[in-house]
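What follows is the residue order along each chain.
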Amino acid sequence: MKIVNLDHMSANPLLPEVQEAMIDAVKGNYGNPSSQHTIGEQAAEILENSRESVARLINAAAPREVVFTSGGTESVNHAAKGLAWANAERGKHIVTSNIEHNSVIRSMRRLKMMGFQITSIPVDEYGRVKPDDVARAIRDETILVSIMHSNNEIGTIQPIEEIAGITRDKKVLFHVDAVDSVGVVPIDVQTLGVDALSFASYPFYGPTGVGGLYVRRGVKIWPLLEGGIQEHSKRAGTENLIGIVGMGVAAELAIRDMESRIAHVKMLKQKLLKELPHYIDEYSINGHPEHSLPNLVSVSLKYIEGESIVLMLDDENIAVSTRSACASGSLRASHVLLSIRLSYADAQGTLVITFGVDNTEEDIVRFLEALHGTVNTLRKLSPLYKKAV
Amino acid sequence: MYSKTVMDHFRNPRNSGTIEGADGVGEVGNPLCGDIMTMYLDVEDEHIKDIRFQTFGCGAAIAVSSMLTELAKGKSIEEAKKITNKDVAKALEGLPKNKLHCSNLGADALHMAIKDYEDRKAGRKKSEPTLSEPHEHDHGEKCYCPYCDAEIPEGVTFCKNCQLEAEDSR
C-alpha cells in the first residue's frame, strides 16, 4: 500500500529535475570552486549559478548576500551568534519570541551564558507576536531582534514587515528564521525589510543538509565556521556542491511553480478542515486562521497522546508528525503549544500535518478514515476520556 | 525504536478497560510528562483475579500497562507487590532509555492499586486517585539525559556532560 506522506515538514521527496541535476553533479567532474585551474573554475561557475537562483527566490539585491550553509540550524546559529558577537560593542541585549525553533532558543541560551541579555516576547493564543511588544522590549543596549517568519508547529505567520519598520526605526538588526517559509510562500527580503534571513532547501523539495543565510550588504556579522575564505569569508569550508546544485534547481522550480503549489496545498488544507468534524469530535485547530502557512494543519485531539497516534497511523501507512513530550525524546511538552496556552494534556495530543505537491484528495480521505479508527481506539484506552464522558 | 514485544502489546493491548466496583484502584502520572495510568483490581482469596488498565500515553506507556496486567494477573497480592519496573522492561525485551520512566509509572500504578485494596480492607479511608501527584523518579532508578544519554544523578536537573538543563523552565 502506498505510504501517504503527510509530514512534509520533516521530509520532502526530491523533484525529478532536482534528482537529475544532483546525479549529474555526482557523476560529473566538478572540482573545488576555490581551485585556480579549469576544473575549479567550472565548479565555481556552477556554484554561482545556484547562488543566483537562490538569491532570486528571495529577491536579494545581489547574489553575494546569500551564504550557503548545511541547513536551517546552521543558518540560525550563524545569524544569532554571528550578529550578536559582531555588534556586541554597541550593546548586549537581544529580543526574541517564545515560540522560536529550538535552534534559535538554544543559540540564545548559549549567548546568555556568554553574557548577553535575552528578552523573550510572549505570543497570543494564535501564536502571533505583537509589534508593540517588540517595540517596548527594545532598549538602548538592544542590538538584535530575532523572530521567525512562520512557525513549524502551528503554522502562524508573524507581522514581519511591521516589526522590521520598528527595528529600522530604532536602528536594531532584525534576523528572521524563515526556514518553513522560503520556497513555500513568497518571501521578498526587500519588502520584508530584514537584515538577515535563515532558510533551508528541503521545504521546497531540495535535498536535506543544505540551506542558506541571507545577510544584507553592510551588516556586520562574524562567521560561525572559520578557516578558508569561501562564501566571501563568511562561511569557511569546501562547499557541498552536490547539495547546492539540488537547492539551486529546487529554487528555480519554486519560483516557477509557487502559485500553483500554494493553490494545491490550500485546497487540501481546506478539504481536511472541512471534512474533519465528520470523522472525529473533541478537537481544536491551532494557529492563526488567516496568517498561517497554506500547507500546515495543527490539530489537538483531546484525551489521547501524540506518539501513540503517530504509531497507529504508521501501521496504516500514513506518516504524520507530533510534538508530544514522549515523541520529542526530551520528555518535554512543546514550548510552542504551551505558549499558545494549550493545556499540557491537549499539547500532548497534537498532530502536525503538512501537505506537499505529491498529496492528493484521496490521501486526505485515507488519513481521515484512519484517524477516525485510531482516535476511537486510543480514547477507549484513555482514563481521561472516561472522566470527560 | 521499539522491540517486537512492545509493538505487539501496543497494537494488541491485553486487559484494557475498567472494573465496576473494583477492589482496588491506582492512578499515577500527569499530563506534564505525558503519561497517566489507571489500574483496576478484582481480588479474591488474596489473589488478583482480574486486572484492567487505562492509559493516556505513548507506545511504551500502553505496552507497559498491558504487560504489567499480564505479569500481575493470577498472582497473589504478596507476589504482585514484588513486581518491579525492571521486570516489566525485561518482559518487553527492553525499552529505549528515555522511555524507562514509563515502566516506573506502570509499577507505581499497580502498587497504588494494591495499596488502595489494602487500605480499604483495613477500613482506612479510600485514597483519592493520585492524578495530581507530580511524577517523581524516587525508586533509585536512573535517569538519563535525553540529549547525550549520560546518567543524571537523583534530584539534579542539569546534565554536566552536555552543559544543558534537562528540565525546561518556561
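Because the structure is predicted, anything quoted here is derived from the model rather than measured. (Residues numbered from 1 in each chain as written. Chains lettered and ligands numbered in written order. Predicted model: local features only at pLDDT ≥ 70, side-chain atom pairs only at ≥ 80, totals over all residues.)

### Digging into the pairing of strand β1 (residues 24–30) of chain B
Residues and elements named next belong to chain B.
Part 1: When you tally the buried positions in β1, you get 6 out of 7 residues, the bulk of the element.
Part 2: Here β1 runs beside strand β2 (residues 35–44); their pairing, made up of 7 bridges, is antiparallel. The residue of β2 that forms the bridge with Gly 26 is Met 39. (Buried ≥ 20, exposed ≤ 12 C-beta atoms within 10 Å, placed from the backbone. Helix = DSSP H or I, 4+ residues; strand = E, 2+ residues; numbered from the N terminus. Pairing = 2+ DSSP bridges.)

### Some remarks on unusual backbone geometry
Residues and elements named next belong to chain A.
Part 1: Positive phi, close to 55°, is recorded for His 232, a residue that is not glycine.
Part 2: With respect to the helices and strands, the residue His 232 is situated in the loop between β8 (211–215) and α8 (241–275).
Part 3: The backbone of Ser 233 shows a phi angle near 65°, a positive value even though the residue is not glycine.
Part 4: Within the fold, Ser 233 resides in the loop between β8 and α8.

### What about the domain arrangement of chain A?
Residues and elements named next belong to chain A.
Part 1: Assigned domains of chain A: these are domain 1 (4–11 + 258–388) and domain 2 (16–253).
Part 2: Using C-alpha coordinates to define each centre, domain 1 is positioned 28 Å away from domain 2.
Part 3: Taken together, the 22 residues of domain 1 in the interface contact 20 residues of domain 2.
Part 4: Looking at the side of domain 1 that touches domain 2, the elements that each hand over two or more residues are α8, β10 (296–301) and α11 (335–339). (Domains from an automatic or database assignment. Contact = placed C-beta atoms within 7 Å.)

### Here we look at the environment of Met 247 of chain A
Residue and element names in this part refer to chain A.
Part 1: By the element assignment, Met 247 lies in helix α8.
Part 2: Its 33 C-beta neighbours within 10 Å are what place Met 247 among the buried residues.
Part 3: C-alpha separation for the pair Met 247 and Gly 206, spaced 41 residues apart in sequence, amounts to 4.9 Å.

### Quick look at the nonpolar core
Part 1: Counting 154 residues, the largest nonpolar core has Ala 250 of chain A together with Ala 113 of chain B as the members making the most contacts within it.
Part 2: With 12 residues, α8 of chain A is the single largest residue contributor to this core.
Part 3: Setting aside residues up to four positions removed in sequence, Ala 113 of chain B forms contacts with Gly 24, Val 25, Gly 26, Met 39, Tyr 40 and Leu 41 of chain B. (Core = buried A, V, L, I, M, F, W, Y, C linked by C-beta atoms within 7 Å.)

### What about the sheet that holds β1 of chain B?
All names here are of chain B.
Part 1: Spatial ordering of the open sheet is given by β1-β2-β3, a layout of 3 strands whose pairing is antiparallel. Edge strands, defined here as strands with exactly one partner in the open sheet, are β1 and β3 (47–56). Across the sheet, the mean angle separating the axes of adjacent strands is 15° when strand polarity is ignored.
Part 2: Pairing between β2 and β3: 9 bridges, direction antiparallel. By the bridge assignment, Ile 36 is partnered in β3 with Phe 56.
Part 3: Here helix α2 (residues 59–72) sits on the sheet and contacts β2 and β3; the angle it forms with β3, its principal contact strand, is near 175°. (Axes fitted to C-alpha atoms, helices over the stretch in contact; angles between N-to-C directions.)

### Points about the sheet that holds strand β5 (residues 142–148) of chain A
All names here are of chain A.
Part 1: If you walk across this open sheet you meet the 7 strands as β2-β8-β7-β6-β5-β3-β4, and the pairing is mixed. Each end of this open sheet is capped by a strand with a single partner; those strands are β2 (66–69) and β4 (117–121). Strand-to-strand twist in this sheet, taken as the mean axis angle between neighbours without regard to direction, amounts to 20°.
Part 2: Where strand β7 (residues 196–200) and β8 come together, 5 bridges link them in antiparallel fashion.

### Notes on the confidence of the model for chain B
Residues and elements named next belong to chain B.
Part 1: Mean pLDDT over chain B: 79, with 71% of residues reaching 70 or higher.
Part 2: For residues 130–142, every residue scores under 50 in pLDDT, and the model assigns this stretch 22 contacts once sequence neighbours within four places are set aside.
Part 3: The model gives residues 163–170 a pLDDT under 50, and that stretch makes 13 contacts with residues more than four places away or in other chains.
Part 4: Here the predicted complex carries an ipTM of 0.84, next to a pTM of 0.88. (pLDDT = per-residue confidence, 0-100.)

### What to know about the packing of α8 of chain A against helix α13 (residues 361–381) of chain A
Residue and element names in this part refer to chain A.
Part 1: At their nearest, the axes of α8 and α13 sit 10 Å apart, and the two run at 30° to each other. Between α8 and α13, the interaxial angle falls into the category roughly parallel. The two elements α8 and α13 meet at a crossing, and its hand is right-handed. Judged by residue contacts, Leu 268, Lys 271, Leu 272 and Glu 275 of α8 engage Glu 361, Ile 364 and Leu 368 from α13.
Part 2: Across the contact of α8 with α13, the residue classes break down as 4 nonpolar, no polar and 3 charged. (Parallel < 35°, antiparallel > 145°, perpendicular 65-115°, else oblique. Left-handed = near helix turned anticlockwise from the far one by under 90°. Nonpolar A, V, L, I, M, F, W, Y, C, P; charged D, E, K, R; others polar.)

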